[in-house]
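A structural walkthrough
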Amino acid sequence: MDNKEMEVSKTTGTVLTVCLTALSLGFLFPVVLVLINSFKSKLFISNAPFQLPNGDTYVGLANYTEGIRKTGFFQAFGRSLFITVASVAVIILFTSMTAWFITRVKSVFTSLLYYVFVFAMIVPFQMVMFTMSKTANDLYLNSMYGLVLLYLGFGAGQAVFLFCGFVKAIPLEIEEAAMIDGCSPLQTYINVVFPMLKPTAVTVAILNSMWIWNDYLLPSLILPQEKGTIPMVIQNLKGGYGSIDMGAMMAMLVLAILPIVVFYLSCQKYIIKGVAAGAVKG
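Predicted, not measured: the structure shown is a model, and the values here were computed from it. (Residues numbered from 1 in each chain as written. Predicted model: local features only at pLDDT ≥ 70, side-chain atom pairs only at ≥ 80, totals over all residues. Heavy atoms only, no water.)

1. As for the confidence of the model for the chain
To be explicit about the condition: For every residue, the predictor assigns a confidence score, pLDDT, that lies between 0 and 100. Per the convention used, a helix needs a DSSP run of H or I reaching at least four residues, while a strand needs a run of E reaching at least two, with both numbered from the N terminus. Any two residues whose heavy atoms approach within 4.5 Å at even a single point are treated as in contact.
Predicted confidence across the chain gives a mean pLDDT of 85, with 91% of residues reaching 70 or more. No element of the chain has a lower mean pLDDT than helix H14 (residues 269-278), at 60, and none a higher one than helix H4 (residues 73-104), at 93. Of the regions scoring below 50 in pLDDT, residues 278-282 engages in nine contacts with residues more than four places distant in sequence or in other chains.

Next comes the structure, spelled out in structure tokens:
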């Protein structure tokens, strides 16, 4: 590579870095705006949303305490935490076992099953939400436990797709060696296969946690209003005739965002590795 090509490559890299940095700041700006306004009086949030808090607008933690009081935030937090953790756990467990079965057992049935899961990834939720909510009511699934089963159904397509790609990259000889040592298929899965699925399992956990934690539509269709999740109780801050307690809403949005951001940052190193492994063709 000559000097001219090196200069062009360096210029291209610099321009790309600047563009991506600007794009990142654009995505972060709404989050920063919510954080800033969570410490301001609700009157100034509407009149001067981009102004930093000062002596006249700063209200400390008043918005947080008021929001917690109005929404019952900690009770909703507990419900959201249970639904998210339980849903992610069953998604990882059952879809990883399904992917292992589909990948290792070659038949017309498993091939058809795989494409059914792939097709489920592209079906919009709005197409099935009314029939789903009616069926859920008929089957008495209108509770936190029923919601976990529904999330398993909606999250299975993507998870099976990712796990199948990773399982194809696992040498079959490792499983055969475990079988020779006397392991049953279940023992082989638990002791050999599942530990190797950690990168994809973490990726599936992150993607589904962000979706389930922030989901408003499905819980609002299934759960009663008094047993709502965090997005549902935040929505309750909207009063009659369009009145909204903007200060309390901004504060509750910050509290709602914080746990999932911490979880994402602590596990983000596994995302690219897991997605790349799940893209293996076989």
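The structure having been displayed, the exposition proceeds.
2. Observations regarding helix H3 (residues 62-71)
How we decide: The cut-offs for exposure are 20% and 50% of the maximum accessible area for each residue type, with area from a 1.4 Å probe on protein chains only; residues under the lower value are buried, those over the upper are exposed, and the others partly exposed. Read the arc as the range of directions from the helix axis to the C-beta atoms.
Taken residue by residue, H3 has Asn63, Tyr64, Gly67 and Thr71 as its buried positions. For H3, the angular spread of buried residues about the axis comes to 100°, placing them on one side. In H3, the exposed positions angled more than 90 degrees off the buried face are occupied by Thr65 and Arg69. Looking one or two places after H3, you find Gly72, whose phi comes out positive at around 65°.

3. Looking at the packing of aromatic side chains
Under the convention used in this document: A pair of Phe, Tyr and Trp rings is counted when the ring centres sit within 6.5 Å of each other, with Trp represented by its six-membered ring. The angle between the planes then sorts it: under 30 degrees is stacked, over 60 is edge-to-face, the rest tilted. For a lysine, the NZ atom is tested; for an arginine, the CZ atom; a charge sits over a ring if that atom is within 6 Å of the ring centre and within 35 degrees of the ring normal.
Scanning the model with the defined rule gives twelve aromatic pairs in all. Between Tyr114 and Tyr115 the ring centres are 5.5 Å apart and the planes differ by 75°, which places this aromatic pair in the edge-to-face class. Taken together through their ring pairs, the aromatic side chains of Phe73, Phe74, Phe77 and Trp213 make up a single cluster. For the cation-ring pair, Lys168 lies above Tyr114, with the distance from its terminal atom to the ring centre recorded as 5.4 Å.

4. Notes on the pattern of salt bridges
Convention followed: Any Lys or Arg side-chain nitrogen located within 4 Å of an Asp or Glu carboxyl oxygen qualifies as a salt bridge.
The tally for this structure, following the rule as stated, stands at five salt bridges. Here Arg104 and Glu175 are joined by a salt bridge, their closest N and O atoms 2.7 Å apart. A residue pair is termed long-range when its members are at least 10 positions apart, and Arg104 in helix H4 and Glu175 in helix H8 (residues 172-180) qualify at 71 residues. The class of Arg104 is partly exposed, set by a relative accessible area of 25%. In the salt-bridge network here, residues are joined through shared partners; they are Glu66, Arg69, Lys70 and Asp245.

5. Quick word on helix H13 (residues 246-267)
Going by this rule: One fewer than the residue count of a helix, multiplied by 1.5 Å, yields its expected span. The angle between axes fitted to the seven residues ending at a residue and the seven residues starting there is what we call the bend at that residue.
The terminal C-alpha atoms of H13 lie 32 Å apart, and with 22 residues this matches the ideal 32 Å at 1.5 Å per residue to within 8%. Of all the bends in H13, the greatest, near 25°, is centred on Leu258, and the proline Pro259 appears no more than four residues after it.

6. Description of unusual backbone geometry
Residues other than glycine seldom take positive phi values, yet Tyr140 does so here, at roughly 60°. With respect to the element layout, Tyr140 can be found in the loop between helix H6 (125-138) and helix H7 (144-168). Among the residues examined, Tyr140 registers a relative accessible area of 70% and is labelled exposed.

7. Some words on the nonpolar core
To keep it simple, the criterion reads: Buried Ala, Val, Leu, Ile, Met, Phe, Trp, Tyr and Cys residues form a nonpolar core when they are joined through side-chain atoms within 4.5 Å.
With 37 residues, the main nonpolar core has Leu147, Phe163 and Leu218 as its most contacted residues. Of all elements in the fold, only H4, helix H5 (108-122), H6, H7, helix H9 (185-196), helix H10 (198-214) and helix H11 (217-222) reach the threshold of two or more residues within this core. Sort the elements by how many residues they give to this core and H7 lands first, with twelve residues. Ranked by size, the runner-up nonpolar core spans 18 residues in total, among them Val34, Tyr64, Met250 and Val254.

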